Amino acid sequence: MRWTSAVALAAAGLSAATPVRAQDATYNVRLLTPETALKAAQAALARCRGSGFQVAVAVVDRMGVVQVLLRDRFAGPHTPETASGKAWTAVSFRTNTTALADATQAGRPQSGIRNRPGVVAVGGGLMIEAGGSILGGIGVSGAPGGKEDDACAAAGIAAIKDSLEF
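Residues numbered from 1 in each chain as written. Predicted model: local features only at pLDDT ≥ 70, side-chain atom pairs only at ≥ 80, totals over all residues. Heavy atoms only, no water.

1. Concerning the sheet that holds strand E1 (residues 56-61)
Part 1 of the reasoning: Read from one edge to the other, the open sheet built from four strands follows the order E2-E1-E4-E3, with strand pairing classed as antiparallel. Of all the strands in the sheet, just strand E2 (66-71) and strand E3 (125-130) have a single pairing partner and so form its edges. Shown here is a sheet whose adjacent strand axes are inclined to one another by a mean of 15 degrees, direction ignored.
Part 2 of the reasoning: Strand direction decides the pairing type here: E1 and E2, joined by five bridges, are antiparallel. The partner of Val59 across the bridge, within E2, is Val68.
Part 3 of the reasoning: Where helix H3 (residues 34-50) meets the sheet, its contacts fall on E1, E2 and strand E4 (133-141), and the angle it forms with E2 comes to roughly 25 degrees.
Part 4 of the reasoning: Strands E1, E2, E3 and E4 of the sheet are contacted by helix H4 (residues 79-93), whose axis makes an angle of about 155 degrees with E4. (Pairing = 2+ DSSP bridges. Helix = DSSP H or I, 4+ residues; strand = E, 2+ residues; numbered from the N terminus. Axes fitted to C-alpha atoms, helices over the stretch in contact; angles between N-to-C directions. Contact = heavy atoms within 4.5 Å.)

2. So, H4
Part 1 of the reasoning: Taking 1.5 Å per residue, 15 residues should reach 21 Å; H4 reaches 21 Å between its end C-alpha atoms and fits that length.
Part 2 of the reasoning: Turning to H4, its buried residues are Thr79, Pro80, Ala83, Ser84, Gly85, Lys86, Ala87, Thr89, Ala90 and Val91.
Part 3 of the reasoning: Those residues of H4 that are buried lie in contact with E1, E2, helix H5 (97-103), E3, E4 and helix H6 (146-164).
Part 4 of the reasoning: A positive backbone phi angle near 50 degrees is found at Arg94, which sits one or two residues after H4. (Expected span 1.5 Å × (residues − 1). Buried < 20%, exposed > 50% of the residue type's maximum accessible area, 1.4 Å probe, protein only.)

3. Brief notes about the packing of aromatic side chains
Part 1 of the reasoning: Going through the model one piece at a time under the given rule, you end up with one aromatic pair.
Part 2 of the reasoning: A ring pair is formed by Trp88 and Phe93, whose centres lie 6.5 Å apart and whose planes are at 90 degrees; its orientation type is edge-to-face.
Part 3 of the reasoning: Relative accessible area serves as the criterion here: at 27%, Phe93 is assigned to the partly exposed category. (Phe/Tyr/Trp six-rings, centres within 6.5 Å; stacked < 30°, edge-to-face > 60°.)

4. Some words on H6
Part 1 of the reasoning: Here H6 contains 19 residues, and its C-alpha end-to-end distance of 25 Å stays within 8% of the 27 Å for a straight helix at 1.5 Å per residue.
Part 2 of the reasoning: Of all bends in H6, the biggest is about 30 degrees, found at Ala158.
Part 3 of the reasoning: Of the residues making up H6, those classed as buried are Asp149, Asp150, Cys152, Ala153, Gly156, Ile157, Ile160 and Leu164.
Part 4 of the reasoning: At its buried positions, H6 is contacted by H3, H4, H5, E3 and E4. (Bend = angle between axes of the 7 residues up to and from the residue.)

5. Digging into the packing of H3 against H6
Part 1 of the reasoning: As a packed pair, H3 and H6 sit with axes 8 Å apart at the nearest point and diverge in direction by 140 degrees. One element, H3, and the other, H6, form an angle in the oblique class. At the point where H3 passes H6, the crossing takes the right-handed sense. Contact residues: Thr36, Lys39, Ala40, Ala43, Ala44, Arg47 and Cys48 in H3; Glu148, Ala151, Cys152, Ala153, Ala155, Gly156, Ala159, Ile160, Ser163 and Leu164 in H6. (Parallel < 35°, antiparallel > 145°, perpendicular 65-115°, else oblique. Left-handed = near helix turned anticlockwise from the far one by under 90°.)

6. Some thoughts on unusual backbone geometry
Part 1 of the reasoning: The backbone of Arg94 shows a phi angle near 50 degrees, a positive value even though the residue is not glycine.
Part 2 of the reasoning: Relative to the helices and strands, Arg94 resides in the loop between H4 and H5.

7. Some words on a nonpolar patch on the surface
Part 1 of the reasoning: On the surface, a nonpolar cluster with roughly 550 Å² of combined accessible area is contributed by Tyr27, Val29, Leu31, Met63 and Val65.
Part 2 of the reasoning: By the secondary structure assignment, Val29 is in the loop between helix H2 (22-25) and H3.
Part 3 of the reasoning: Given the relative accessible area of 39%, Val29 is considered partly exposed. (Patch = residues over 30% accessible without salt bridge, like charges linked within 9 Å, V, L, I, M, F, W, Y side chains within 5 Å. Areas by Shrake-Rupley, 256 points an atom, 1.4 Å probe, with all protein chains shown as cover. Salt bridge = Lys/Arg side-chain N within 4 Å of Asp/Glu carboxyl O.)

8. Considering the pairing of E4
For a regular strand, the rule is simple: side chains alternate between the two faces of the sheet.
Part 1 of the reasoning: In terms of residue burial, E4 counts as a mostly covered element, since eight of its nine residues are buried.
Part 2 of the reasoning: The pairing of E1 with E4 spans six bridges and is classified as antiparallel. Residue pairing in the sheet places Val57 in a bridge with Val140 of E4.
Part 3 of the reasoning: Direction of pairing for E3 relative to E4: antiparallel, over a ladder of six bridges. Across the sheet, Glu129 pairs through a bridge with Ile134, a residue of E4.
Part 4 of the reasoning: Where E3 folds back onto E4 in an antiparallel hairpin, the turn is made up of two residues, including Gly131, whose phi is positive at roughly 60 degrees.

Below you can see the structure in the form of structure tokens.
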């Protein structure tokens, strides 16, 4: 018997031995509503405004697709793309971007991550999590440094936290 035939027979036997049930073939996910994403973005923007910072805020879903993007009047032209990139990076790597910035410094084993297209490995991107699941991410760009961007993003998450717990 040829090797490929043996593999095909083994695979057929394995699938016959373990029947697939509907609940094993799919899974449910929780997604942020547009209203919840907007509330988070508005809270982050308000926090930054209150501190005197003109920023852009992006909220992405669990797949990294932008749901909401807000840019204050005088935020730099680079801030919308950077905020979206921070939110996408946090969700994609399942790591807040301040931690990723540290882990990907030159000479570290993960330093190559910075070379991936779309990665923004600087502070200001946070995962939005609840019940052990990532629901999305929020990114802020335009405050004077990642620490302030993080604080504004955290204010956005705090504004929706009660509605996310399940």
